[in-house]
Amino acid sequence: MSTVPWLDIQAVLFDLDGTLVDSAPELGAAADRMRVERGMASLPLSAYRSMAGAGARGMLGVAFGLRPEDAQFPELREEFFKNYEALMLDGTHAFEGVEALITQLGSRRLPWGVVTNKASRFTVPLTGSMPLFRTAGAIISGDTTPHSKPHPAPLLEAARRMGVDPARCVYVGDDQRDIVAGRAAGMRTVAVAYGYLGAEADVTLWEADAVISLPLDLLQWLPSA
């Protein structure tokens, strides 16, 4: 894997949860509240954290062993969503180094944006509450286009809104779906190893163009100002 900067890159796109921000405590709390209200024992955040990137599917899987195909899933998912809406602004914060990375992108005149599978009912208030996202050139939610990741449509929509050729974008994410979507969109891909990865995840198997352990590590792949 080369460490030569990609000099043709003109924009950087990021996944949201597990890549730019840590929302695992609020996601876990939303599901755990459901357990406690049903007389079940509370689980520690560590039980939820590795599945936070999977959203409701992951949280309800940990809390109740539910799968999306189970009959109870839709009703409990909406209950989870309502809990999360009430909690999501309580403590979600950028990972250490993310704010410095965004500042550096500005210095290098590289526009950036967000492509997440999180629904707009959550993405809009969350990003609107954080100054970090004021300079984002596009914020694409899971329901912005007819398809969500791993389909490339939301990534292509972000590139379109930012006026950048997808081939000149890099997509950064902490889930294999991010890498699949980025490759399908014709973008370079970067896997992050600091997000919500489970113990069994091996990012080297995702076939990303690069892997980073810290947010600022991304800069070595990008053109300078």
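Draft legend 1. The pairing of strand β6 (residues 169-173), seen in detail. The buried count for β6 comes to 5 of 5 residues, which makes it a mostly enclosed element. Neither face of β6 is left uncovered, since the one carrying Cys-169, Tyr-171 and Gly-173 and the one carrying Val-170 and Val-172 both have all their residues buried. The pairing of strand β1 (residues 11-14) with β6 spans 4 bridges and is parallel. Pairing of Ala-11 across the sheet is with Cys-169, part of β6. Bridge count between β6 and strand β7 (residues 188-192): 4 bridges; the pairing is parallel. By the bridge assignment for β7, Val-170 is matched with Arg-188. For the crossover that starts at β6, traverses helix α8 (residues 176-184) and ends in the parallel β7, the hand is right-handed.

Draft legend 2. Fine view of the packing of helix α1 (residues 24-37) against helix α3 (residues 55-64). Where α1 meets α3, the axes come as close as 9 Å, and the angle between the chain directions of the two elements is 40 degrees. Regarding the angle of α1 to α3, the classification is oblique. Where α1 crosses over α3, the handedness of that crossing is right-handed. Contacts between α1 and α3 involve Leu-27, Gly-28, Ala-31, Met-34 and Arg-35 from the former and Met-59, Leu-60, Ala-63 and Phe-64 from the latter.

Scoring rules and cut-offs
Residues numbered from 1 in each chain as written. Predicted model: local features only at pLDDT ≥ 70, side-chain atom pairs only at ≥ 80, totals over all residues. Heavy atoms only, no water. Buried < 20%, exposed > 50% of the residue type's maximum accessible area, 1.4 Å probe, protein only. Helix = DSSP H or I, 4+ residues; strand = E, 2+ residues; numbered from the N terminus. Pairing = 2+ DSSP bridges. Right-handed = clockwise from strand over helix to strand, strands pointing away. Axes fitted to C-alpha atoms, helices over the stretch in contact; angles between N-to-C directions. Parallel < 35°, antiparallel > 145°, perpendicular 65-115°, else oblique. Left-handed = near helix turned anticlockwise from the far one by under 90°. Contact = heavy atoms within 4.5 Å.

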